[in-house]
Amino acid sequence: MSISRRTLLRNTAALGAFAGAGFPHVWIKNADLAHATGGEIKVGVLFSLTGTTAIIEESLNKATLLAIEEINAAGGIKGSKIVPIVEDPASDPATFSEKARKLVVGDKCVSVFGSYTSASRKAVLPVFERQNNLYWYPTLYEGRECSKNVIYTGAVPNQQQDEFVPWLINKFGKKFYLIGSNYIYPKEENNYCKKLLEKHGGEVAAEEYVPLGHSEFSSVINKIRATQPNVIFSTVVGDSVVALHRQYRAAGLDPEKMPMASLTTSENEVAAMGGDAAAGHFTSAPYFMVYKSPENEKFVEAYKKRWGADKVTHFVSEACYFQVHLFRQAVEKLATSDLTPPNIRDAVKGQETIAPQGKVRIEPENLHTWLWPKIAQAKSNGQFEILVEAKDWLKPVPYAAYPGQVCTDKGLVVEKS
Ligand code: ACM
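Below is a summary of the structure that appears in this document. (Residues numbered from 1 in each chain as written. Predicted model: local features only at pLDDT ≥ 70, side-chain atom pairs only at ≥ 80, totals over all residues. Heavy atoms only, no water.)

1. Section: the overall build of the protein
1) Next: If you tally the helices and strands in the protein, you get 15 helices and 17 strands.
2) Next: In terms of overall dimensions, the protein has C-alpha extents of about 80 × 55 × 40 Å along its principal axes.
3) Next: Classification of the 417 residues of the protein by burial places 57% in the buried group.
4) Next: Sequence separation of at least 24 residues holds for 68% of the intrachain contacts in the protein that already meet a minimum separation of 6. (Helix = DSSP H or I, 4+ residues; strand = E, 2+ residues; numbered from the N terminus. Buried < 20%, exposed > 50% of the residue type's maximum accessible area, 1.4 Å probe, protein only. Contact = heavy atoms within 4.5 Å.)

2. Overview of the environment of tryptophan 167
1) Next: Structurally, tryptophan 167 can be placed in helix α7 (residues 164-172).
2) Next: Residue tryptophan 167 is classed as buried on the basis of its relative accessible area of 18%.
3) Next: Distance from tryptophan 167 to alanine 355, taken between C-alpha atoms, is 26 Å for residues 188 residues apart in sequence.
4) Next: Discounting residues that sit within four places of it in the chain, tryptophan 167 has contacts with Phe282, Ile375, Leu387 and Val388.

3. Some details on the packing of helix α3 (residues 54-73) against helix α14 (residues 315-333)
1) Next: Two numbers describe how α3 lies on α14: the axes approach to 8 Å, and their chain directions differ by 30 degrees. Classified by the angle their axes make, α3 and α14 are roughly parallel. Two packed elements cross with a definite hand, and for α3 against α14 that hand is right-handed. Contacts from Ser59, Leu60, Ala63, Thr64, Leu66, Ala67, Ile68, Glu70 and Ile71 of α3 reach α14 at Val316, Ser317, Cys320, Tyr321, Val324, His325 and Arg328. (Axes fitted to C-alpha atoms, helices over the stretch in contact; angles between N-to-C directions. Parallel < 35°, antiparallel > 145°, perpendicular 65-115°, else oblique. Left-handed = near helix turned anticlockwise from the far one by under 90°.)

4. Here's the deal with the sheet that holds strand β4 (residues 135-137)
1) Next: Taking strand neighbours across the sheet as the criterion, the five strands line up as β2-β1-β3-β4-β5 in an open arrangement whose pairing is parallel. Each edge of the open sheet carries a strand with a single partner, namely β2 (81-87) and β5 (150-152). Sheet twist, expressed as the average angle between the axes of neighbouring strands with direction ignored, equals 25 degrees.
2) Next: In the sheet, strand β1 (residues 40-46) pairs with strand β3 (residues 112-114) via three bridges, with the strands oriented parallel. Residue pairing across strands places glycine 44 opposite valine 112, the latter belonging to β3.
3) Next: Those strands touched by α3 are β1, β2 and β3, and its axis lies near 165 degrees from that of β2. (Pairing = 2+ DSSP bridges.)

5. Digging into the sheet that holds strand β6 (residues 175-181)
1) Next: The strand order across the open sheet formed by seven strands is β7-β6-β8-β9-β10-β14-β15, and the pairing between neighbours is mixed. Two strands bound the open sheet, and with one partner strand each, they are β7 (203-210) and β15 (384-389). The mean inter-strand angle of the sheet, taken between neighbouring strand axes irrespective of direction, is 25 degrees.
2) Next: Sheet topology places strand β10 (residues 282-285) next to strand β14 (residues 374-378); four bridges connect them, and they run antiparallel. Within β14, the position partnered with serine 284 by the bridge is isoleucine 375.

6. What about helix α5 (residues 118-131)?
1) Next: Between the first and last C-alpha of α5 there are 20 Å, a value that for 14 residues agrees with the 20 Å anticipated at 1.5 Å per step.
2) Next: At valine 124, α5 shows its largest bend, some 35 degrees, and a proline, proline 126, comes one to four positions later.
3) Next: Of all the positions in α5, only Ser118, Ser120, Arg121, Ala123, Val124, Leu125, Val127 and Phe128 are classed as buried.
4) Next: On the buried face of α5, the contacting elements are β1, α4 (93-106), β3, β4, β5 and α8 (184-200).
5) Next: Downstream of α5 by one or two residues, asparagine 132 has phi in the positive range, about 50 degrees. (Expected span 1.5 Å × (residues − 1). Bend = angle between axes of the 7 residues up to and from the residue.)

7. Focus: the pattern of salt bridges
1) Next: Scanning the model with the defined rule gives 23 salt bridges in all.
2) Next: Aspartate 346 serves as the salt-bridge partner of arginine 345, at 3.5 Å between the closest nitrogen and oxygen.
3) Next: You can call arginine 345 buried: its relative accessible area is 9%.
4) Next: For aspartate 346, a relative accessible area of 40% translates into the label partly exposed.
5) Next: Each of Glu87, Lys99, Lys102 and Asp107 takes part in salt bridges that share partners, so that together they form one network. (Salt bridge = Lys/Arg side-chain N within 4 Å of Asp/Glu carboxyl O.)

8. As for empty space enclosed by the protein
1) Next: Following the criterion strictly, the structure yields four cavities of 30 Å³ or more and no others.
2) Next: Space inside the largest cavity adds up to approximately 50 Å³.
3) Next: Lining of the largest cavity is provided by 13 residues; of these, Thr153, Gly154, Ala155, Pro286 and Phe315 occupy positions nearest its centre.
4) Next: Here the lining of the largest cavity is composed, by residue class, of eight nonpolar, four polar and one charged. (1 Å grid on protein atoms, 1.4 Å probe; cavity = no way out; pocket = protein on both sides within 12 Å on 5 of 7 lines; lining within 4 Å. Points joined across faces, edges and corners; volume = space filled by probe spheres on them. Nonpolar A, V, L, I, M, F, W, Y, C, P; charged D, E, K, R; others polar.)

9. Overview of the layout of surface pockets
Over the atoms rolls a probe the size of a water molecule, and in doing so it shows where empty space is left.
1) Next: The space that makes up the second largest pocket amounts to roughly 190 Å³.
2) Next: As for the second largest pocket, its lining consists of Ile55, Glu58, Ser59, Lys62, Asn268, Ala271, Ala272, Tyr303, Asp310, Lys311 and Val312.
3) Next: Of the residues contributing to the lining of the second largest pocket, the split by class is five nonpolar, two polar and four charged.

10. So, the packing of aromatic side chains
1) Next: All told, the structure shown has 17 aromatic pairs when counted by the stated rule.
2) Next: Where phenylalanine 288 meets phenylalanine 384, the ring centres are 5.0 Å apart and the plane angle is 45 degrees; that geometry is what we call tilted. One end of the pair, phenylalanine 288, is in the loop between β10 and α13 (294-307); the other, phenylalanine 384, is in strand β15, with 96 residues separating them in the sequence. Like phenylalanine 288, the residue phenylalanine 384 is buried in the burial classification.
3) Next: An aromatic cluster is defined as three or more aromatic residues linked by ring pairs; in this entry it consists of Phe164, Trp167, Phe172 and Phe282.
4) Next: For arginine 121, the ring lying beneath its charged end belongs to tyrosine 137, and the centroid distance is 4.7 Å.
5) Next: Sitting over the face of the ring of tyrosine 291, lysine 374 holds its NZ or CZ atom 4.5 Å from the ring centroid. (Phe/Tyr/Trp six-rings, centres within 6.5 Å; stacked < 30°, edge-to-face > 60°. Lys NZ or Arg CZ within 6 Å of the ring centre and 35° of its normal.)

Structural data, given as structure tokens:
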């Protein structure tokens with residue numbers, strides 16, 4: 001086989017970019033991955049280990065590292081070990097941006113797994129778009145984003161609310177009190193909720209936002225008493241979830257008559273607040289720790305073995321876990337010299353894996369994930385009871401609240417009306 005000098009130079013440069021200084025001048029395009037990467041594939045792990053969202057992000061860090069360790073223990077990816085570079089962005093969007101830049105530009109990671117809040121995702125987005133790198137975002141979020149530099153593995157509003165809102169109206173009544181933390185995610189989620197309320201004959205009793213990290217809910221609870229809604233629809237995040245539930249209970253409100261219906265309260269926040277404060281309230285999500293599947297049994301057992309028998313898994317840590325396995329599958333598809341973030345993105349389009357929640361798939365059109373919606377009620381033992389399970393996986397529609405706008409592989413298409 002002959003190979004031109006130009007091809008040889010191009011391939012050597014491509015390989016060198018990943019191998020760093022001292023890489024032997026291997027010019028065979030399909031040299032084995034371990035050889036070409038120096039036996040290492042560097043990825044960033046960017047979850048807050050301190051600050052107001054550490055309550056949840058610390059568990060996302062753990063689930064990500066667990067998946068990486070599992071892959072490495074099984075021999076890595078075609079012989080190359082995944083090397084996680086962990087940074088603590090301290091629940092601060094500006095620090096997220098600074099650390100993301102360090103991971104992408106300084107450490108030359110080929111992907112970064114990170115973020116809980118949409119505020120932090122928005123803060124890192126320009127880094128990934130400018131560097132044409134890849135951010136793997138595991139959290140439920142508001143949609144209305146269409147980036148070729150993000151793989152979104154958490155639920156978007158249609159996947160958490162389409163079934164949940166009419167179910168709540170049917171079971172408890174039509175008057176909803178919308179309470180959220182004050183940033184983009186709760187506002188967009190509530191925008192979608194209001195459209196569903198209108199469609200299904202519901203109404204908004206009040207809409208209120210509290211600062212991130214807010215812990216004093218007495219005035220909110222007084223307003224709830226005064227307005228007497230049927231449902232308190234909560235998109236409060238972080239430590240505030242714990243404060244809200246505890247103060248609701250201390251105020252003597254009754255979940256049987258006026259439950260909280262949350263898109264953000266998982267087993268993790270329930271563990272922090274105590275099962276009694278959570279009992280009776282509802283969450284809609286694609287995954288709950290009690291879900292019965294062989295893949296979930298394995299995930300829960302491995303997580304507890306690695307991080308402690310008292311630890312819980314939840315719908316964001318599950319996405320952290322399966323998205324690392326999707327990363328592995330994508331890299332496995334690539335030839336050695338093709339190990340670049342844009343190529344990893346192309347390889348992950350349409351990838352499927354049997355996740356703990358069921359089979360998931362990256363939608364090639366918009367890089368979001370097909371998921372399995374579920375509705376569950378919190379119990380005093382800290383776990384949920386699943387009451388409703390979707391019969392089929394649900395397509396992600398990130399612009400569901402914006403008719404005429406569609407995220408496609410060519411970018412956002414706005415249809416003329
Ligand atoms: C969120 O900010 N996406 C929970």
